[in-house]
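Single-letter residue listing:
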Amino acid sequence: MDASHAEQDLVNVLFTEAQITARLQEMADEIAADYEGKDLLLVGILRGAVMVMADLSRALPRHVEMDWIAISSYGSGTKSSGVVRLIKDLDTDISNRHVLVVDEIIDTGLTLSWLVNSLGSRNAASVEIATLLRKPDALTMPVEPKYVGWDIPNEFVVGYGLDYREKYRNLRDIATLSPHVYS
């Protein structure tokens, strides 16, 4: 979906599809160099990271395995509930694997902090994070991603996998959602 199809719901476009594609290619180049010769497993966080995971993995110049985990701290609102729920666990044994968690956004850091601790207890060789977006002003938990697309202000954004009540995920760009939509 193009931003013009939802422009009445958007304040402004932060990143276009072309900018996102270019930044993911840069991140993939860094990841490929850092993990050369290592057994890398990408772990995507459902559902928001689907777009990032698909495009990042396609930008990598090597074979890579993928698995998915579903966790939530949001429910259907715009603020974290403060409680992390595991909805779907990994199907892959991560023992002695280099795990790169792929997410679309780091907001409070609660979900990723919980996930990194959980995966770290499973004897992984390493656990790192790649995220397209990070909101430094919203962080309440210490989370140190190895790869960050962009830092953004603490505003509610949608598109490219980011949603509000399951809508806007298929927006090709990333945009700030107008408060009239969620107020």
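Quantities reported herein were computed from a predicted structural model and do not represent experimental measurements. (Residues numbered from 1 in each chain as written. Predicted model: local features only at pLDDT ≥ 70, side-chain atom pairs only at ≥ 80, totals over all residues. Heavy atoms only, no water.)

(A) Broad picture of the overall build of the protein chain. Each helix and strand counted, the protein chain has 4 helices and 9 strands in total. For the protein chain, the succession of helices and strands along the chain, N to C, is β-α-β-α-β-β-β-α-β-β-β-β-α. Expected size for 183 residues packed as a compact globule is a radius of gyration near 16 Å; at 16 Å, the protein chain falls within 12% of this value. Sorting the 183 residues of the protein chain into buried and exposed places 50% on the buried side. Nonlocal contacts in the protein chain, meaning residues at least 24 apart in sequence, comprise 65% of its contacts between residues at least 6 apart. With the model as given, the accessible surface of the protein chain reaches about 8900 Å², and the carbon-plus-sulfur share is 48%. A gap of 5 Å separates the mean positions of the 17 positive and 27 negative side-chain charges of the protein chain. (Helix = DSSP H or I, 4+ residues; strand = E, 2+ residues; numbered from the N terminus. Rg over C-alpha atoms; globule rule 2.2 N^0.38 Å. Buried < 20%, exposed > 50% of the residue type's maximum accessible area, 1.4 Å probe, protein only. Contact = heavy atoms within 4.5 Å. Areas by Shrake-Rupley, 256 points an atom, 1.4 Å probe, with all protein chains shown as cover. Lys, Arg positive; Asp, Glu negative; His and termini not counted. Charge placed at Lys NZ, Arg CZ, Asp CG, Glu CD.)

(B) Structural detail: the packing of aromatic side chains. Applying the stated criterion to the full structure yields 4 aromatic pairs. Summarising the aromatic geometry, the rings of Phe156 and Tyr164 are spaced 5.8 Å apart at their centres and angled 90 degrees between planes, so their arrangement reads as edge-to-face. For the residue pair Phe156 and Tyr164, the accessibility class agrees, reading buried in each case. Ring pairs connect the aromatic residues Phe156, Tyr164 and Tyr182, which therefore count as one cluster. (Phe/Tyr/Trp six-rings, centres within 6.5 Å; stacked < 30°, edge-to-face > 60°.)

(C) Representation of the pairing of strand β9 (residues 174-177) within the structure. Here strand β1 (residues 10-15) runs beside β9; their pairing, made up of 4 bridges, is antiparallel. Paired with Asn12 across the bridge in β9 is Thr176. For strand β8 (residues 157-158) and β9, the ladder comprises 2 bridges, and the chain directions are antiparallel. Bridge pairing links Val157 to Thr176 in β9. (Pairing = 2+ DSSP bridges.)

(D) Summary view of the pattern of salt bridges. As enumerated under the stated definition, the model contains 13 salt bridges in all. Measuring nitrogen to oxygen at the nearest pair gives 2.2 Å for the salt bridge that ties Arg58 to Asp55. Taken together, the positions of Arg58 and Asp55, both in helix α2 (residues 50-59) and 3 residues apart, correspond to about one turn of that helix. A relative accessible area of 24% means that Asp55 is categorised as partly exposed. Among the ionic contacts, a cluster of salt bridges with common partners joins Arg47, Asp163, Glu166 and Arg169. (Salt bridge = Lys/Arg side-chain N within 4 Å of Asp/Glu carboxyl O.)

(E) View of helix α3 (residues 110-120). Among the residues of α3, Leu110, Thr111, Leu112, Ser113, Leu115, Ser118 and Leu119 are the ones counted as buried. Its buried side turned inward, α3 meets β2 (40-46), β3 (65-72), β5 (98-106) and β6 (126-134).

(F) Molecular detail of the environment of Asp173. Examined against the element boundaries, Asp173 turns out to sit in the loop between β8 and β9. What makes Asp173 buried here is its relative accessible area of 11%. Each C-alpha atom of the pair Asp173 and Lys135 lies 17 Å from the other, and the pair is 38 residues apart in sequence. Setting aside residues up to four positions removed in sequence, Asp173 forms contacts with Ala3, Val13, Phe15, Thr16, Glu17, Ile20, Val158, Gly159 and Tyr160.

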